[in-house]
Amino acid sequence: AERDAFGEDEVELVTLLGRFVAAAVQNIRTYEAERATVEELRRLSALRADFVSLVSHELRSPMAAVIGSVRTLQTRWPELRPEQRDAFLAVIGDETSRLSDLVGDVLDTSRIEAGTFGYTFSDVDLAELLREATAAVTLGQDAVRLEVEIPPVLPRVRGDRDRLRQLVDNLLANAIKYSELGAPVELDASARNGTVRVRVRDFGPGIPLEDHGLIFEKFGRSGVADAKPGTGLGLFISRSFAEAHGGTLRVDSRPGAGATFTLTLPAEP
Ligand SMILES: Nc1ncnc2c1ncn2[C@@H]1O[C@H](COP(=O)(O)OP(=O)(O)O)[C@@H](O)[C@H]1O
Ligand SMILES: [Mg+2]
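Conventions we followed
- Residues numbered from 1 in each chain as written.
- Chains lettered and ligands numbered in written order.
- Predicted model: local features only at pLDDT ≥ 70, side-chain atom pairs only at ≥ 80, totals over all residues.
- Heavy atoms only, no water.
- Helix = DSSP H or I, 4+ residues; strand = E, 2+ residues; numbered from the N terminus.
- Buried < 20%, exposed > 50% of the residue type's maximum accessible area, 1.4 Å probe, protein only.
- Contact = heavy atoms within 4.5 Å.
- Areas by Shrake-Rupley, 256 points an atom, 1.4 Å probe, with all protein chains shown as cover.
- Axes fitted to C-alpha atoms, helices over the stretch in contact; angles between N-to-C directions.
- Parallel < 35°, antiparallel > 145°, perpendicular 65-115°, else oblique.
- Left-handed = near helix turned anticlockwise from the far one by under 90°.
- Nonpolar A, V, L, I, M, F, W, Y, C, P; charged D, E, K, R; others polar.
- Pairing = 2+ DSSP bridges.
- Near = heavy atom within 4 Å.
- Polar contact = N/O pair within 3.5 Å; in protein donor to acceptor, adjacent residues only side chain to side chain.

Enquirer: I tried to follow the overall build of the chain on my own but got confused; where do I start?
Expert: If you tally the helices and strands in the chain, you get 7 helices and 7 strands. For the chain, the N- to C-terminal ordering of α and β elements is α-α-α-α-β-α-β-β-α-β-β-α-β-β. Here the chain holds 269 residues, and the buried ones make up 45% of them. The long-range share in the chain, meaning contacts at least 24 apart out of those at least 6 apart in sequence, stands at 69%. For the chain, the accessible area works out to roughly 14,200 Å², and carbon and sulfur atoms hold 54% of it.

This is how it looks when you write it as structure tokens:
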């Protein structure tokens, strides 16, 4: 337990800067060993390398931060100040919820691929779903300005409400993640020709035309994404959900001009 715990200086830093430092400390410690392993496996196959880098970057660093925080609390509890204990508990909370989202995406992906993803269909009030999703985003962050245009009533949609919410949450999360601080993100919805259309627009770096297919593939990420955390699974899952509803998910984007993702779903007759 002592071996994994953070040292005194690290405890101070984590208290000040939270999970970023906790994750970074562990990253530095494991970097050399990890790089050798990842590079070795990368040579074996492209797909396998995708999974290894997902595991090493996206699963391993939050896991290390959680282990480090738990060990620190266990071994240094008496000497930690209350706000330091709180900081480590916050790290554990944030990182486990990130891990849980990640594991969820990996499981969804494997079920989609196996054709065993189960949907529970009912009549969905999409206007209400969109108001809930955008309200949660507005409350949950202040990095971007969310501008919402939802008509009071939209035609009903036959669908799996939880999966549709997950899809919309994914599009909003991407728009926020790839936006500059303080930039606007727009969501609008409208009914047209027997369909309901939801658009999520941002003014971030955009996506080069040649990557418009890639980003919907499993693990598919475009160049600009390198600096941002992520698995490249979100849009693969989102498009599968759209298609399972008889709908489509499309992108319209140019580098430097932001990105617009358009979800189209058939309305109930
Ligand atoms: N709003 C956006 N602006 C710019 N690039 C985007 C946007 N949404 C998605 N992308 C690109 O599409 C890729 C795939 O998206 P996604 O499947 O959600 O994976 P992740 O967000 O985990 O990287 C991203 O890595 C990024 O390159
Ligand atoms: Mg994403």
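Enquirer: In this structure, what is going on with the packing of helix α4 (residues 82-114) against helix α7 (residues 234-244)? I would like to understand it.
Expert: Between two packed helices, both the angle of their axes relative to each other and the distance between the axes serve to describe the pair. Two elements in contact, α4 and α7, have axes separated by 10 Å at closest approach and are oriented at 45°. The orientation of α4 relative to α7 falls into the category oblique. Where α4 crosses over α7, the two elements pack in a sense that is left-handed. Contacts between α4 and α7 involve Asp 105, Asp 108, Thr 109, Ile 112 and Glu 113 from the first element and Phe 236, Ile 237, Ser 240 and Phe 241 from the second. Each residue belonging to the contact of α4 with α7 can be placed in one class, and the counts come to 4 nonpolar, 2 polar and 3 charged.

Enquirer: Before we go on, may I ask you to explain the sheet that holds strand β6 (residues 248-253) in this structure?
Expert: Spatially, the 5 strands line up as an open sheet ordered β2-β4-β5-β7-β6, and their pairing is mixed. Each of the sheet's edge strands pairs with one partner strand only, and the pair in question is β2 (145-149) and β6. Pairwise comparison of adjacent strand axes, ignoring direction, gives a mean angle of 15° for this sheet. Pairing between strand β5 (residues 195-202) and strand β7 (residues 259-266): 8 bridges, direction antiparallel. Across the sheet, the residue bridging to Thr 195 is Pro 266, located in β7. Against the sheet, helix α5 (residues 126-140) contacts β2, β4 (184-192), β5 and β7, and its axis sits at roughly 165° relative to β2. The strands that α7 touches are β6 and β7; relative to β6, the one it contacts most, it runs at about 130°.

Enquirer: Please explain the site of ligand 1 as it appears in this structure.
Expert: Every one of the 20 residues lining ligand 1 counts as a neighbour, but Asp 202, Arg 221, Ser 222, Thr 231 and Leu 235 are closest to it. Take Lys 177: an N or O atom from its side chain is 2.8 Å from an oxygen atom of ligand 1. Interatomic distance of 2.8 Å between a backbone N/O atom of Thr 231 and an oxygen atom of ligand 1. Protein coverage of the free-state accessible area of ligand 1, which is 530 Å², stands at 97%. Here the shell around ligand 1 gets 3 residues from one element, more than from any other, and that element is helix α6 (residues 161-177). A class-by-class count of the residues in the shell around ligand 1 yields 9 nonpolar, 8 polar and 3 charged.

Enquirer: Help me understand unusual backbone geometry, please; the structure alone is not making it clear to me.
Expert: Glycine aside, a negative phi is what most residues show, and trans is what most peptide bonds show. With a phi close to 45°, Asn 193 is a non-glycine residue in the positive phi region. At Phe 219, a residue that is not glycine, the phi angle is positive and equals roughly 65°. Mapped onto the elements of the fold, Phe 219 is located in the loop between β5 and α7. Take Phe 219: its relative accessible area is 15%, and that puts it in the buried class.

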